[in-house]
Amino acid sequence: MSKSIRKETLKTKTPEGKLGVLLPGLGAVATTFIAGVLAIRKGIGKPIGSITQMQTVRLGKRTEKRTPLIKDFVPLADLKDLVFGGWDIFKDNCYESAKKAGVLDINLLEKLKPELEKIKPMRGAFDRSYVRNLDGDFIKSGNRWKLAEQLIEDIQRFKKENKCERLVMIWCGSTEIYMKRHKIHNSIKNFEDALKKDSKFISPSMIYAYAAIKEGTPYANGAPNLSADIPALIELSKITKTPIAGKDFKTGQTLLKTIIAPGLKARMLGLSGWFSTNILGNRDGEVLDDPMSFKTKEKSKLSVLEYILQPHLYPELYDKIYHKVRINYYPPSGDNKEAWDNLDIFGWLGYPMQIKIDFLCRDSILAAPIVLDLILFLDLAKRAGLSGIQEWLSFYFKSPQTAEELYPEHDLFIQLTKLKNTLRWMMDEELITHLGREYYNT
Ligand SMILES: NC(=O)c1ccc[n+]([C@@H]2O[C@H](COP(=O)([O-])OP(=O)(O)OC[C@H]3O[C@@H](n4cnc5c(N)ncnc54)[C@H](O)[C@@H]3O)[C@@H](O)[C@H]2O)c1
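Every value quoted in this text rests on a predicted model; they were computed, and no experiment measured them.

Chemist: I tried to follow the overall build of the protein on my own but got confused; where do I start?
Modeler: Helix and strand content of the protein: 15 helices and 11 strands. Here the protein has a C-alpha radius of gyration of 22 Å; the compact-globule value for 442 residues is 22 Å, and the two agree. Along the first, second and third principal axes, the C-alpha set of the protein runs to 65 × 50 × 50 Å. Across the 442 residues in the protein, those meeting the buried criterion constitute 46%. Sequence separation of 24 or more characterises 77% of the internal contacts of the protein that already satisfy a separation of 6 or more.

Chemist: I keep staring at helix α7 (residues 188-196) and nothing clicks. Help me out?
Modeler: Owing to its 3.6 residues per turn, the α-helix aligns residues three or four sequence positions apart on the same side. Every buried residue of α7 is accounted for by Ile188, Phe191, Ala194 and Leu195. Buried residues of α7, seen end-on, are gathered within an arc of 125° and therefore sit on one face of the element. Structurally, α7 contributes buried residues whose contacts are with α6 (144-161) and α9 (231-239). Backbone geometry just downstream of α7 places Asp198 in the positive-phi region, at approximately 60°.

Chemist: Sorry if this is basic, but what is going on with the nonpolar core here?
Modeler: Across soluble globular proteins, nonpolar side chains have a tendency to be buried as a group. Of all hydrophobic cores here, the largest spans 97 residues; its most connected members are Ile170, Ile207, Val371 and Leu374. The biggest single contributor to this core is helix α14 (residues 363-383), with 12 residues. Each residue touching Leu374, except ones within four places of it in the same chain, is listed here: Ile170, Ala220, Ala245, Leu393 and Tyr396. Counting residues in each nonpolar core, the second largest holds 11 residues, with Leu271, Val304, Leu317 and Tyr318 among its members.

Chemist: Could you clarify how one ought to interpret the site of the ligand in this entry?
Modeler: What surrounds the ligand is a group of 37 residues, the closest being Gly25, Gly27, Gly124, Ala223 and Arg283. Taken together, the elements giving at least two residues each to the shell around the ligand come down to α1 (28-42), β2 (82-88), α11 (283-288) and α14. The leading source of residues in the shell around the ligand is α14, at four residues. A per-class count over the shell around the ligand returns 20 nonpolar, 12 polar and five charged. Formed jointly, the shell around the ligand draws a minimum of three residues from each of two domains, domain 1 (18-249 + 365-426) and domain 2 (260-361).

Chemist: Would you mind showing me how to read unusual backbone geometry here?
Modeler: Excluding glycine, most residues fall at negative phi; most peptide bonds, likewise, are trans. Here the residue pair Gly246 and Lys247 is connected by a cis peptide bond, since its omega of -15° sits within 30 degrees of zero. Even without being glycine, Lys241 reaches a positive phi, approximately 55°. Position of Lys241 among the secondary structure elements: in the loop between α9 and β6 (243-246). A residue is classified by how many C-beta atoms lie within 10 Å of it, and Lys241, with 13 of them, is partly exposed. The backbone of Met268 sits at a positive phi, close to 55°, despite the residue not being glycine. For Met268, the location among the structural elements is in the loop between α10 (252-266) and β7 (270-280).

Chemist: Would you take a moment to explain the domain arrangement of the protein for this structure?
Modeler: One frequently used descriptor of interface size is the decrease in accessible area upon assembly of the parts. The domain architecture assigned to the protein consists of domain 1 (18-249 + 365-426) and domain 2 (260-361). The distance between the C-alpha centroids of domain 1 and domain 2 comes to 26 Å. Contacts between the two partners involve 26 residues from domain 1 and, on the opposite side, 24 residues from domain 2. Split by residue class, the side of domain 1 that touches domain 2 holds 13 nonpolar, eight polar and five charged.

Chemist: How do you make sense of the packing of α1 against helix α5 (residues 106-118) when you look at a structure like this?
Modeler: Packed helix pairs are characterised by how far apart their axes lie and by the angle those axes make with each other. Between α1 and α5, the least distance of the axes is 10 Å, while the angle of their chain directions is 100°. Between α1 and α5, the angle is such that the two are roughly perpendicular. Between α1 and α5, the residues in contact are Ala35, Leu38 and Ala39 and Leu108, Leu109, Leu112, Glu115 and Leu116, respectively. Here the contact of α1 with α5 is composed, by residue class, of seven nonpolar, no polar and one charged.

Chemist: How do you make sense of the pairing of strand β10 (residues 352-362) when you look at a structure like this?
Modeler: Each regular strand carries side chains that alternate between the two faces of the sheet. Judged by how many residues are buried, β10 sits mostly at the surface: zero of 11 residues are covered. Examined bridge by bridge, strand β9 (residues 336-346) and β10 share 11 bridges and lie antiparallel to one another. Bridge pairing in β10 links Glu338 to Leu360.

Chemist: Whenever I open this one, the environment of Gly270 confuses me. Can you help?
Modeler: Within the secondary structure, Gly270 sits in strand β7. Linking Gly270 and Asp319, residues 49 residues apart in sequence, is a C-alpha distance of 9.4 Å. In this structure Gly270 touches Leu317, Tyr318, Ile345 and Phe346, once residues within four positions along its chain are discounted.

Chemist: Mind showing me how you'd approach the confidence of the model for the protein here?
Modeler: The predicted coordinates should not be examined in detail at positions where pLDDT is low. Residue-level pLDDT values for the protein average 93, and 97% of them are 70 or greater. Low confidence marks residues 1-5, where pLDDT is under 50. Its contacts with residues over four positions away, or in another chain, come to two contacts.

Chemist: I tried to follow helix α12 (residues 291-309) on my own but got confused; where do I start?
Modeler: Over its 19 residues, α12 runs 28 Å from end to end, which matches the ideal 27 Å to within 8%, given 1.5 Å per residue. Residues of α12 that are buried include every one of Ser293, Phe294, Thr296, Lys297, Ser300, Lys301, Val304, Leu305, Ile308 and Leu309, and no others. In the core, the buried residues of α12 are packed alongside α10, β7, α11, α13 (315-318) and β8 (322-329). Immediately beyond the C-terminal end of α12, within one or two residues, lies Gln310, with a positive phi of roughly 50°.

Chemist: I keep staring at the sheet that holds β7 and nothing clicks. Help me out?
Modeler: Hydrogen bonds between backbone groups are what pair the strands of a sheet, and the pairing can be parallel or antiparallel. One open sheet holds the four strands; their spatial order is β8-β7-β9-β10, and the pairing between them is mixed. Each edge of the open sheet carries a strand with a single partner, namely β8 and β10. Taken over all neighbouring pairs, the strand axes of this sheet differ in orientation by 10° on average, direction set aside. Pairing of β7 with β8, which is carried by eight bridges, proceeds in the parallel orientation. Bridging from a neighbouring strand, Asn278 pairs with Ile327 of β8. Strands β7 and β8 of the sheet are contacted by α12, whose axis makes an angle of about 150° with β8. Strands β7, β9 and β10 of the sheet are contacted by α14, whose axis makes an angle of about 80° with β10.

Cut-offs and rules
- Residues numbered from 1 in each chain as written.
- Predicted model: local features only at pLDDT ≥ 70, side-chain atom pairs only at ≥ 80, totals over all residues.
- Helix = DSSP H or I, 4+ residues; strand = E, 2+ residues; numbered from the N terminus.
- Rg over C-alpha atoms; globule rule 2.2 N^0.38 Å.
- Buried ≥ 20, exposed ≤ 12 C-beta atoms within 10 Å, placed from the backbone.
- Contact = placed C-beta atoms within 7 Å.
- Arc of directions from axis to C-beta.
- Core = buried A, V, L, I, M, F, W, Y, C linked by C-beta atoms within 7 Å.
- Near = placed C-beta within 6 Å.
- Nonpolar A, V, L, I, M, F, W, Y, C, P; charged D, E, K, R; others polar.
- Domains from an automatic or database assignment.
- Axes fitted to C-alpha atoms, helices over the stretch in contact; angles between N-to-C directions.
- Parallel < 35°, antiparallel > 145°, perpendicular 65-115°, else oblique.
- Pairing = 2+ DSSP bridges.
- pLDDT = per-residue confidence, 0-100.
- Expected span 1.5 Å × (residues − 1).

In structure tokens, the structure reads:
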């Protein structure tokens, strides 16, 4: 990234006042995140998995031994300044919803009950044709334009009532059906006309994204459906100077894929097959049991390997990979997903080998720190004067949103390098190339 790109100087800019966190979808991920932050604030939990809270960043030469925590290096909002709100299509408050999600221990939830109970959803903007396995009745009425107006009012009211200085919105709602880009997505003018005409090519998550971006509120999409990743909303994000990012939180099986695949490629080991199967029993699993919602997820999960392994550059190693991803709804598992992977790999002279992985993971436990980091980094980006797609946040997504002409970078370690270099760049610190010639006299 060139230093010539305009950015506000952040050195003197400490965030002041409250940061409102608006989450469409107060289900398993959202309530695990909110309850987690409340527990951390009380000192009864630790922010494990969060880069903003736990990771350091090296500055300057290795001999300088400067490795501050990221949160001490860049001016991030303090956890005590976060205020939570959101929408859902069910009336449950965050305590009830967290209890139903069954991710966190009931003893912990009881300790947080008074605060969680106070966080009540606003009525959702919902249409069952986009999430067929859900049917809630706590919803707004009106055509798409009216829904957008109501969401904008909600955002403004929330900000005022909670005396927030700034806001961030992260879509934690259910995965919507697979949709292709349509010409009404091509410009903000077409999009607004289509909102007024109540076009079926605009899904509920796009209406939330529109409302947020219109208000200058940074927006990220945690699910794989089409949302802010359309030219119309990218255009709007530049007009309103709003940072956006997406999509689909990188947790569980795909996280492991983006750790292992770059390693295999780095060592020039071949891959002939990768079979991934999951069982999960939460509401997300129920939604993904519908083939149209699964198709959205499948697209997001499948693209990862192709981009990492670059079969066009290494046809002998990666040209004929059989890659399959399955998700099955299995209620007894609850939120504790089991993800199996079988990898058929080959080495020297083509000799075959196998890797088997059985990851007993907790989806929302892996997603919650991502939600936290995205909120704090998107707020930072906004204060730094950055707008439009924030590719440096690719680290958190299965399908990173990039400029139209670019292919996404999926390798977790390249993504982390990019993220940290962006923070150094924001703070006018030297970028780290890992060349290291300066340590040797030869
Ligand atoms: N948990 C993970 O590891 C993970 C990883 C990647 C992506 N995701 C995605 O994150 C999203 C949330 O996951 P979850 O496990 O919390 O699911 P969940 O089903 O527990 O929660 C989603 C919530 O969204 C609500 N909702 C649906 N449509 C809405 C709308 N239009 N307006 C307001 N609320 C709406 C539902 O009622 C539900 O309460 C899903 O799309 C999931 O695919 C989760």
